[in-house]
Amino acid sequence: MPLNNGIGKSHGKMIIMGEHAVVYGYPAIAFPLLSIPVIVRIKESSEKTLLSNYFVGKIADLPDALSGVKYLIDILDHEFNQQDINYAIFIDSGLPIERGLGSSAAIGAAITRAFFDFFDQPIDQEKLLKHINKSETVTHCKASGLDANTVISESPIKFGKDKAASHFSFTSDGFIVIADSGIKGKTKETVADVRTMYDKAPEKIGQMLEQLGQHTEDTVIALKNNDLVKLGQIFTDANSILSKLNLAVPKTDKLNKAAISAGALGSKITGGGRGGCTISLAKNLEDAKKIQQALRENGAEQTWTQPLSIYENEGTDFD
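Residues numbered from 1 in each chain as written. Predicted model: local features only at pLDDT ≥ 70, side-chain atom pairs only at ≥ 80, totals over all residues. Heavy atoms only, no water.

Asks: I would appreciate a short explanation of the side chain of N256 in the present structure.
Replies: Note on placement: N256 falls in helix α8 (residues 250-261). Those residues within four positions of N256 in sequence are excluded, and the remaining contacts are N239, S267, K268, I269 and T278. (Helix = DSSP H or I, 4+ residues; strand = E, 2+ residues; numbered from the N terminus. Contact = heavy atoms within 4.5 Å.)

Asks: Would you explain the packing of aromatic side chains in this entry?
Replies: Within a pair of aromatic rings, the relevant descriptors are the distance that separates the centres and the angle that separates the planes. Using the criterion set out here, one finds 11 aromatic pairs in the structure. Each ring, one from F168 and one from F170, has its centre 5.9 Å from the other, and the planes form 35°; the classification is tilted. No difference in accessibility class separates F168 from F170, as the two residues are buried. An aromatic cluster of three or more residues is present, and its members are F80, Y87, F115, F116, F118 and F119. Directly above the aromatic system of F90 lies the positively charged group of K43, at a separation of 5.8 Å from the ring centroid. (Phe/Tyr/Trp six-rings, centres within 6.5 Å; stacked < 30°, edge-to-face > 60°. Buried < 20%, exposed > 50% of the residue type's maximum accessible area, 1.4 Å probe, protein only. Lys NZ or Arg CZ within 6 Å of the ring centre and 35° of its normal.)

Asks: Explanation requested: a nonpolar patch on the surface in the structure shown.
Replies: Together, L51, V56 and F90 make up a nonpolar patch on the protein surface, roughly 250 Å² of accessible area in all. The topology assignment puts V56 in strand β4 (residues 56-58). Overall, V56 belongs to the exposed group, its relative accessible area being 59%. (Patch = residues over 30% accessible without salt bridge, like charges linked within 9 Å, V, L, I, M, F, W, Y side chains within 5 Å. Areas by Shrake-Rupley, 256 points an atom, 1.4 Å probe, with all protein chains shown as cover. Salt bridge = Lys/Arg side-chain N within 4 Å of Asp/Glu carboxyl O.)

Asks: Could you clarify how one ought to interpret the packing of helix α6 (residues 202-224) against helix α7 (residues 228-244) in this entry?
Replies: Two quantities define a packed helix pair, namely the angle between the helix axes and the distance between the axes. One way to put it is that α6 packs onto α7 with a least axis distance of 10 Å and a crossing angle of 165°. The orientation of α6 relative to α7 falls into the category roughly antiparallel. In this structure, α6 crosses over α7, and the sense of that crossing is left-handed. Only K230, L231, I234, D237, A238, I241, L242 and K244 of α7 make contact with α6, whose side of the interface consists of M208, Q211, L212, H215, D218, T219, A222 and L223. Broken down by class, the residue content of the contact of α6 with α7 amounts to 9 nonpolar, 3 polar and 4 charged. (Axes fitted to C-alpha atoms, helices over the stretch in contact; angles between N-to-C directions. Parallel < 35°, antiparallel > 145°, perpendicular 65-115°, else oblique. Left-handed = near helix turned anticlockwise from the far one by under 90°. Nonpolar A, V, L, I, M, F, W, Y, C, P; charged D, E, K, R; others polar.)

Any functional reading would require information that these geometric values do not contain.
Here is the structure:
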C-alpha cells in the first residue's frame, strides 16, 4: 500500500557553455539553479489529476506540450500502481516552461522522487536518471543527459555525451544574470534543425560545434582562474556561433545587447535557442543589478541573479 503522501524535489539548471555541441560528443557545462526549486506532492484522490501552473485537469488529458510528463507518469504508474489507486499530483515550480532552464527535467526528477516516495520504494541515482531521461527523450527527441544530471546535482557539472558527469567547484566573485525572453524555446525543433544543417554541411557545421566544444574547455580555465573578462569574451563569441546556427531571435538579440550596454562582460543564449533565456556575466552585484534593470526595460519577463560564489567548495575538481 502506498503512503498517504509522496514528495519529490529538484531545481532548475542553466547551460553555461556547450549547448547543442554536447549532442555531438563535445563537452558542456551546466550550473544547478538552486534558488529556483521544483516540488512535487502526490496525494490519494478520487481520480488521477495533475495541478500545476502549466495545466490543471485529468492526467489523461495532458496536452502535447507535456507529453514527456505524461509518458513518465504512465511508466511510473504501471511500475508501482498495481492496485490502480487514484491520486492527485501537485507541481509547485518557479521555473518557466520551455525556456531552457531545465523545467522538463526538473519536473521529471521531482515526479519520479515523489512516486517512489508515495509507493514507499527505494530509489538510487541510477534509477532516478533512467526515469528522467525517458521523459526527456519524449520531450526533446534526443536528450543529451545534461539536464537530467544537473537538476539533481548540488554542484556544477561538466558533461560529455559518452563520459561520466564530473562535478566541480571554483572560486569566483562574479554573478550570472538570467533573463526570460518570454518566448518559449523550441529545443526539440532546434536539435532536429541543427542535425539537418550538419547532415547537409558536415564540415562547416562541424567546425562550429567543435568551436563550441573548445569554448567549454576555455570556460573551465577561466572559471578556475577567476578570469571574468575572458569568460565574458567566451560568452559573447559562443553567442555569435549559436546565432550562425540559426538559434537566435530578435528578442534574445535585444536582451544580449541591452546587457552588454549595461556593463555585462558577456552575454549569450542558453539552452535550445529561438527563445528561452539569456545569461549575462557581471563582475559584481552592483553591475548585476544594473544589468537586471536594463534587461527588464528591454522586455525581459523575469530575471534572476545567481552569484558564482554559491558553487565554492561544491563537488570535486575535474581534469
